[in-house]
Amino acid sequence: MSALTWLAPFVRGGGRLFRSCHKRTAGSGGVRHAGGGVHIEPTYRQFPQLTRSQVLQAEFFSATMWFWILWRFWHDSDAVLGHFPYPDPSQWTDEELGIPPDDED
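Residues numbered from 1 in each chain as written. Predicted model: local features only at pLDDT ≥ 70, side-chain atom pairs only at ≥ 80, totals over all residues. Heavy atoms only, no water.

K.L.:
Quick question: what am I supposed to make of the overall build of the chain here?
P.N.:
Across its full length, the chain holds four helices and zero strands. Moving toward the C terminus, one meets the helices and strands of the chain in the order α-α-α-α. Roughly 10,900 Å² of accessible area belongs to the chain as shown, and the carbon and sulfur atoms make up 63% of that amount. (Helix = DSSP H or I, 4+ residues; strand = E, 2+ residues; numbered from the N terminus. Areas by Shrake-Rupley, 256 points an atom, 1.4 Å probe, with all protein chains shown as cover.)

Here's what the structure looks like:
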């Protein structure tokens, strides 16, 4: 078979797709599914009603997040605490701390 016979179905489908896009942009009126009122009734100061699936997904993702944070902190705590030994404040002098000498008034 020639290459044109293989391409014919794709060309026909592409032509239909192009014509349908052209019709929509020209305002030919297609079916609109956006109208018809509010899909979710508004509530004032009320907790939204969640489905069981939403609750399970939220718990799964929050558990995964906390697992990752605590795992990384346990295995790479230097990223949070720093890569240096913590200084001992008892070794600092009064001058380094900005405390004036006792003999000054």
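K.L.:
Explanation requested: unusual backbone geometry in the structure shown.
P.N.:
One can expect most non-glycine residues to show negative phi and most peptide bonds to be in trans. Its identity as a non-glycine residue notwithstanding, Arg-45 has a phi of 55°, on the positive side. Locating Arg-45 in the fold gives a position in the loop between α1 (3-25) and α2 (52-75). Judged by relative accessible area, which is 76%, Arg-45 ranks as exposed. (Buried < 20%, exposed > 50% of the residue type's maximum accessible area, 1.4 Å probe, protein only.)

K.L.:
Just to check I follow, could you spell out the pattern of salt bridges for this structure?
P.N.:
When the charged atoms of two side chains lie near each other, side chains of opposite charge can form a pair. In the structure shown here, the tally under the stated rule is one salt bridge. Across the pair Asp-76 and Arg-72 runs a salt bridge whose closest N-O atoms are separated by 3.5 Å. (Salt bridge = Lys/Arg side-chain N within 4 Å of Asp/Glu carboxyl O.)

K.L.:
Would you take a moment to explain a nonpolar patch on the surface for this structure?
P.N.:
Taken together, the side chains of Met-65, Trp-66, Ile-69 and Leu-70 present a nonpolar region at the surface, about 420 Å² in accessible area. Positionally, Leu-70 belongs in helix α2. (Patch = residues over 30% accessible without salt bridge, like charges linked within 9 Å, V, L, I, M, F, W, Y side chains within 5 Å.)

K.L.:
How should I be thinking about the packing of aromatic side chains in this particular structure?
P.N.:
Centre-to-centre distance and the angle between the planes together describe a pair of aromatic rings. Inspection of the entire model under this criterion finds two aromatic pairs. Arranged with centres 5.3 Å apart and planes meeting at 65°, the rings of Phe-60 and Phe-61 form a pair that is edge-to-face. (Phe/Tyr/Trp six-rings, centres within 6.5 Å; stacked < 30°, edge-to-face > 60°.)

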